[in-house]
Amino acid sequence: MENIVIHGTYFTSKNVNEVEFHEDHLICIDRSGTITRTLSPVDAEYSQILNDARQAGRLIELKPNQYLLPGFIDLHVHAPQWPQAGLALELPLADWLNHYTFPLEAKFADSHYARRVYQDFVHQLLSHGTTTAMMFGTIHNDANVELARQSVTQGLRAFVGQVVMDNPEQTPDYYRNQSSVSALHATEQFIKEIFELAKKTSSTVVPVITPRFVPSCTDEALTGLGQLAKQYDLPVQSHLSESNWEHGYAIKRFGIHDTAVMDHFHLLTEKSVMAHGTQLTSDDLTTLRQRGTTIAHCPISNVYFGNGVLAVKKLLAYGNSVRLGSDISGGYSPSLYHNIRQAIKSSQMLTDGVDSSLATATRGVKDSRITMANAFYLATVGGAKALQLKVGKIAPGFQADFQIVNGHQPLMKLSIADVFQRLMYQTEQQDIQSVYVAGKRVYERE
Ligand SMILES: [Zn+2]
């Protein structure tokens, strides 16, 4: 039996290369928030279901210029960095961390401040059409639990990480775990608290093993985190070969690549999500593929800190799991629409090359351009697969996580495929009318 029925036009990813368009359809959702079926106007029961839902007040009727899309899945976000989104992006990564990011994150020792920031940040994600996020917190248990609570309260599906950074050589004394033992103890405590919270809600809230990145962790911490990931069967998130500096750091300290270091400490699993990877070599990619580990592509952030463009098209062709993240605040926007656009723009620039003093034929990396359908897949079905969630698609059996978007008034005749392109290129926060998670409304534009 349907709980609610939506009547309108929807877009959903068919596969990595194709988007499906369905006009004037009914989407039926049961009480558990699962899509039970979709009906086209030629289906025999269409009129009956539409009328019954209307009479019972269970119908969500889209206006002529409104469209239904799946909610987005952001695989790499630093929630505590929200207050500084858009700041200091002209600095090199190390300066940006030491002069802006670490001092800001240190403030989350204050749980009241954490609550204020996280309340706003979770709301921002939802109001930008993001329904699931994999997030870094800070090293502070109470603040991280607050982030999880805010997510549950507001309805965001949340994967929350207690950050570990205990290496005195690469972290400031005011923002560091006191020892690897205390860092691991705090992580285990956090895992238990989130498990308790998860018991009390039907929503998704999952603790994530979170070594900040190889430079900030001692061998003891990395060893312990690998063991905790296995013991509790939890996802892992970190950064991997993000920049020339980070890629070079692992080689200097261990004599092997970042990927091999993570693998050595058992931190690459099919539940792992590693951000950036702009400097990964083909050997690294092979390892990631063998482990089933996902790369979170953060195209806006990479412009500032990546020292290169991730070859998304090549990675997809190899069979690597590559998905999308906003990387607040290495990226300035919580909007995955903006990141989808940047992913396409960056791939175009990778194809053409950027130094016009070089001969055209040698300037770029041929055939690197990705399509809108590719990028849409990364932000929806792809992200869901990485987190092993049945979301990201408007189809029977999937959770009803979606956004209703107001299209701009067309001034010329547009095909339904054109409408999709325009929505993806032009939708801003103010165009998102409402957002639902598991069939429950979690955001409505005022
Ligand atoms: Zn990051």
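Fair warning: this is a prediction, and the values are worked out from it, not measured in the lab.

About the thresholds
Residues numbered from 1 in each chain as written. Predicted model: local features only at pLDDT ≥ 70, side-chain atom pairs only at ≥ 80, totals over all residues. Heavy atoms only, no water. Helix = DSSP H or I, 4+ residues; strand = E, 2+ residues; numbered from the N terminus. Buried < 20%, exposed > 50% of the residue type's maximum accessible area, 1.4 Å probe, protein only. Contact = heavy atoms within 4.5 Å. Areas by Shrake-Rupley, 256 points an atom, 1.4 Å probe, with all protein chains shown as cover. Lys, Arg positive; Asp, Glu negative; His and termini not counted. Charge placed at Lys NZ, Arg CZ, Asp CG, Glu CD. Domains from an automatic or database assignment. Buried area = accessible area lost by both parts, 1.4 Å probe. Salt bridge = Lys/Arg side-chain N within 4 Å of Asp/Glu carboxyl O. Polar contact = N/O pair within 3.5 Å; in protein donor to acceptor, adjacent residues only side chain to side chain. Nonpolar A, V, L, I, M, F, W, Y, C, P; charged D, E, K, R; others polar. Donors = N, O, S within 2.8 Å, 3.2 Å for Na, K, Ca; no water. Tetrahedral: all angles 85-135°; square planar, octahedral: opposite > 155°, others 65-115°. Phe/Tyr/Trp six-rings, centres within 6.5 Å; stacked < 30°, edge-to-face > 60°. Lys NZ or Arg CZ within 6 Å of the ring centre and 35° of its normal. UniProt positions renumbered as here; feature names shortened; annotations may be inferred. Pairing = 2+ DSSP bridges. Right-handed = clockwise from strand over helix to strand, strands pointing away.

With that out of the way, let us pick up the overall build of the protein. Along the protein, the regular secondary structure elements total 15 helices and 16 strands. With 446 residues in all, the protein has 61% of them scored as buried. Here the analysis covers contacts within the protein between residues at least 6 apart in sequence; of these, 72% occur between residues at least 24 apart. On the protein, roughly 18,100 Å² of surface is accessible, and the fraction owed to carbon and sulfur atoms is 50%. One finds the centroid of the 38 positive side-chain charges in the protein at a distance of 4 Å from the centroid of its 44 negative side-chain charges.

For the protein, the domain assignment lists domain 1 (4-70 + 393-444) and domain 2 (72-386). Computed from C-alpha atoms alone, the centre-to-centre distance between domain 1 and domain 2 is 30 Å. Taken together, the two surfaces of domain 1 and domain 2 that pack against each other cover about 2,400 Å², and 62% of this comes from carbon and sulfur. If you sort the residues of domain 1 by the area they bury against domain 2, Val-16, Met-424 and Tyr-425 come out on top, with a joint share of 26%. At the surface where domain 1 touches domain 2, the tally comes to two salt bridges. Linking Arg-157 and Asp-401 is a salt bridge whose minimum nitrogen-to-oxygen distance equals 2.6 Å. Linking domain 1 to domain 2 there are twelve residue pairs in polar contact (both at pLDDT 80 or more). Elements that contribute at least two residues to the side of domain 1 that touches domain 2 include exactly strand E1 (4-15), strand E2 (18-29), strand E5 (66-70), strand E14 (402-406), helix H15 (416-426), strand E15 (432-437) and strand E16 (440-444). Grouping the constituent residues of the side of domain 1 that touches domain 2 by class yields 17 nonpolar, ten polar and four charged.

At the metal site, the zinc ion is ligated by His-76 (NE2), His-78 (NE2), His-239 (NE2) and Asp-327 (OD), and these contacts range over 2.1 to 2.6 Å. In this structure, the zinc ion is surrounded by four donor atoms whose angles at the metal cover 86 to 173°, and the resulting shape is irregular. Counting gaps between the donor residues of the zinc ion yields the pattern H-x1-H-x160-H-x87-D. Residue class for His-76 comes out buried when judged on its relative accessible area of 1%. By relative accessible area, His-78 is classed as buried at 3%.

One pass over the structure, following the stated rule, counts 13 salt bridges. Linking Glu-45 and Arg-37 is a salt bridge whose minimum nitrogen-to-oxygen distance equals 3.1 Å. The partly exposed category is assigned to Glu-45, whose relative accessible area is 41%. The class for Arg-37 is partly exposed, based on a relative accessible area of 27%. For Arg-441, the salt bridge identified is with Glu-444, shortest N-O distance 3.5 Å.

Another aspect to go through is the packing of aromatic side chains. Across all of its chains, the model carries 18 aromatic pairs by this definition. An angle of 75° between the planes, with centres 6.3 Å apart, marks the rings of Phe-254 and Phe-265 as edge-to-face. Of this pair, Phe-254 sits in helix H7 (residues 244-254) while Phe-265 sits in the loop between helix H8 (258-264) and strand E11 (272-276), placing them eleven residues apart in sequence. Under the relative-accessibility criterion, Phe-265 is labelled buried at 6%. Here Phe-402 and Tyr-436 contribute two aromatic rings whose centre-to-centre distance is 4.7 Å and whose plane-to-plane angle is 20°, an arrangement assigned as stacked. You can see Phe-402 sitting in strand E14 and its partner Tyr-436 sitting in strand E15, a full 34 residues away along the chain. Residue class for Tyr-436 comes out buried when judged on its relative accessible area of 8%. Its end group placed over the ring of Phe-398, Lys-390 keeps NZ or CZ at 4.3 Å from the ring centre.

We now examine the UniProt feature "domain: Amidohydrolase-related" (unreviewed entry) in the protein. Residues annotated in UniProt with the feature "domain: Amidohydrolase-related" (unreviewed entry) correspond here to residues 67-442. Annotation note: span residues 67-442, helix share 45%, strand share 17%, distance between end C-alpha atoms 17 Å.

Burial analysis of strand E8 (residues 157-164) places eight of its eight residues in the buried class, which makes it a mostly covered element. Side chains Arg-157, Phe-159, Gly-161 and Val-163 of E8 all project onto a buried face; the interleaved residues Ala-158, Val-160, Gln-162 and Val-164 project onto the opposite face, where all are buried too. Sheet topology note: the strand E7 (residues 130-136)/E8 ladder contains five bridges and is parallel. Residue pairing for E8: Phe-136 is matched across the bridge by Gly-161. Between the parallel pair E7 and E8, the chain is carried across by helix H4 (residues 141-154), and the sense of this crossover is right-handed. For the crossover from E8 across helix H5 (residues 180-199) to strand E9 (residues 205-211), the handedness is right-handed.

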